[in-house]
Amino acid sequence: WELNGSFHQPSAFLLMGIPGLEALHPWISIPFCALYLTALVGNCVIVFIIRRTPSLHEPMYYFLSMLAVTDLGLALCTLPTTLGLFWFGARSIGFDACLAQMYFIHILSFMESSVLLAMAFDRFVAISRPLRHAAVLTRGTVLRIGLAIVLRGSVSLLPIPFLLKRLSYCGRTQLSHSFCFHPDIMNLACADIKVNVFYGMIVLLSTVGMDFIFIVLSYVLILRTVASLTTREECLKALNTCVSHICAVLVFFIPMIGLSMIHRFGRNVPPLVNTLVAYTYLIIPPALNPVIYSIKSTHIREALLRALCRKRG
């Protein structure tokens, strides 16, 4: 502990695995390893295929590669502490290292939300204004959207580590997860955390909350356009291009909203439920997204098969 008058700051926090199942952590690490391996390999393959295939150099696939890079970052942020805890029982993480991990986890989560919104906009333009799609979403526009996504996440969350660093902490140092999460760290403080709660809520609502509203609005407009199509085949073809994106949105937003509600209002929720929702939020989307897009996207599958055939040849 670093003491300065009445100011108390821990030198490290203690990470928590799956409560009640500590003896089974080595066995539990096996599905986690499979999920992390799927996330790392799958997203690297998506980025590689899009980069090497000229026919995939379109806005839809540019945004998909952004999603894959974001998912890679999320997986790499939580992998060292999660597997270190399950394999070696490494529970301790330095105070500053914990703040850094928390910052990047939240930045990448916000970036994923923004990328999903950009993908919804791309689907809306492609279905509602197909003739103007290439003119609206040029390569330069996509690049500017990508830069805006990065700046939005990094700038809006920049005050969070400093707001946590100014707090005085009591004797409790045990976190609820195998990674650092803002509400989790904040609740260990014995100082007034109203500023942290207020700022965190404002940032969450103005970024992820607004993204979700605009995604829903985009699909309302898409459904209106699809309903005006003349044949059933055209309707199904238009909706089929959105299936992968809808799955990615549900896989990301449902556990994220659940975890946010648990941290703010679920004081009586069993720790095991809290832990499972947190892992679902941060590990499942990076592992499932490349699988979803590989299964649903014919162009991705064909490009992957061509790449494999060239390697064998």
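These figures come from a predicted structure and were not determined experimentally.

Definitions and cut-offs
- Residues numbered from 1 in each chain as written.
- Predicted model: local features only at pLDDT ≥ 70, side-chain atom pairs only at ≥ 80, totals over all residues.
- Heavy atoms only, no water.
- Helix = DSSP H or I, 4+ residues; strand = E, 2+ residues; numbered from the N terminus.
- Rg over C-alpha atoms; globule rule 2.2 N^0.38 Å.
- Buried < 20%, exposed > 50% of the residue type's maximum accessible area, 1.4 Å probe, protein only.
- 1 Å grid on protein atoms, 1.4 Å probe; cavity = no way out; pocket = protein on both sides within 12 Å on 5 of 7 lines; lining within 4 Å.
- Points joined across faces, edges and corners; volume = space filled by probe spheres on them.
- Nonpolar A, V, L, I, M, F, W, Y, C, P; charged D, E, K, R; others polar.
- Expected span 1.5 Å × (residues − 1).
- Bend = angle between axes of the 7 residues up to and from the residue.
- UniProt positions renumbered as here; feature names shortened; annotations may be inferred.
- Patch = residues over 30% accessible without salt bridge, like charges linked within 9 Å, V, L, I, M, F, W, Y side chains within 5 Å.
- Areas by Shrake-Rupley, 256 points an atom, 1.4 Å probe, with all protein chains shown as cover.
- Salt bridge = Lys/Arg side-chain N within 4 Å of Asp/Glu carboxyl O.
- Lys, Arg positive; Asp, Glu negative; His and termini not counted.
- Charge placed at Lys NZ, Arg CZ, Asp CG, Glu CD.
- Disulfide = S-S within 2.5 Å.

Student: Talk me through the overall build of the protein; I want residue IDs and the actual numbers.
Tutor: Helix and strand counts for the protein stand at 12 helices and four strands. Taken over C-alpha atoms, the radius of gyration comes to 21 Å for the protein, in line with the 20 Å a tight globule of 313 residues would show. Expressed along its principal axes, the backbone C-alpha trace of the protein runs to roughly 70 × 45 × 35 Å. Counting only residues that meet the buried cut, the protein has 48% of its 313 residues in that class.

Student: Outline empty space enclosed by the protein, supporting the account with residue identities and numerical values.
Tutor: In this structure the tally under the stated criterion is three cavities of 30 Å³ or more. Empty space within the largest cavity amounts to approximately 180 Å³. Taken together, 16 residues form the lining of the largest cavity, with His 106, Phe 110, His 182, Leu 204 and Arg 264 sitting closest to its centre. When contributions to the lining of the largest cavity are tallied by element, the ones reaching two or more residues are α3 (95–128), α7 (182–186), α8 (194–227) and α10 (243–265). Here the lining of the largest cavity is built from residues that sort into 11 nonpolar, four polar and one charged. The calculated volume of the second largest cavity comes to roughly 70 Å³. Along its surface, the second largest cavity is lined by Met 60, Phe 63, Met 119, Asp 122, Arg 123, Thr 241, Ser 244, His 245 and Tyr 293.

Student: A description of α8 should follow, citing residues and the corresponding values.
Tutor: In a regular helix each residue adds 1.5 Å, so 34 residues correspond to 50 Å; α8 covers 47 Å between its end C-alpha atoms and thus fits that length. In the structure, α8 departs most strongly from a straight axis at Leu 205, where the bend amounts to approximately 35 degrees.

Student: So, the UniProt feature "transmembrane region" (unreviewed entry) in the protein: which residues are in play, and what are the values?
Tutor: Sequence positions flagged by UniProt for "transmembrane region" (unreviewed entry) are, in local numbering, residues 27–50, 62–88, 100–121, 142–164, 197–222, 243–264 and 276–295. Here residues 62–88 is 100% helix and 0% strand, with 39 Å between the C-alpha atoms at its ends. Here residues 243–264 runs as 100% helix and 0% strand, with 32 Å between its end C-alpha atoms.

Student: For a positive patch on the surface, give the residues involved together with the corresponding values.
Tutor: Taken together, Arg 51, Arg 52, Arg 306 and Arg 310 make up a surface patch of like positive charges. Listing elements by their share of the positive patch, those giving two or more residues are α1 (25–52) and α12 (298–312). Topologically, Arg 51 is positioned in helix α1. By relative accessible area, Arg 51 is classed as exposed at 67%.

Student: An account of the pattern of salt bridges is requested, with residue identities and associated values reported.
Tutor: Applying the stated criterion across every chain, the model contains three salt bridges. Among the ionic pairs, Lys 165 bridges to Asp 96, the shortest N-O distance being 2.6 Å. Of this pair, Lys 165 sits in helix α6 (residues 159–165) while Asp 96 sits in helix α3, and the two are 69 residues apart along the sequence. Judged by its relative accessible area of 51%, Asp 96 is exposed. Measuring nitrogen to oxygen at the nearest pair gives 3.0 Å for the salt bridge that ties Asp 211 to Arg 152. Taken as a pair, Asp 211 in helix α8 and Arg 152 in helix α5 (residues 139–156) lie far apart in primary sequence, 59 residues in all.

Student: Account for the state of the cysteines, with residues named and values stated.
Tutor: A covalent bond between the sulfur atoms of two cysteines is what we call a disulfide. Scanning the entire structure with this criterion turns up one disulfide. Bridging Cys 98 to Cys 180, the disulfide has an S-S length of 1.9 Å. In this structure the cystine formed by Cys 98 and Cys 180 twists about its S-S bond by roughly -120 degrees; its chirality is therefore left-handed. Separated by 82 residues along the polypeptide, Cys 98 in helix α3 and Cys 180 in the loop between α6 and α7 bring together distant segments of the chain. A single burial state applies to Cys 98 and to Cys 180, both of which are buried. Considering cysteine sulfurs only, Cys 44 is the nearest to Cys 33, which forms no disulfide, with 17 Å between them. The partly exposed category is assigned to Cys 33, whose relative accessible area is 23%.

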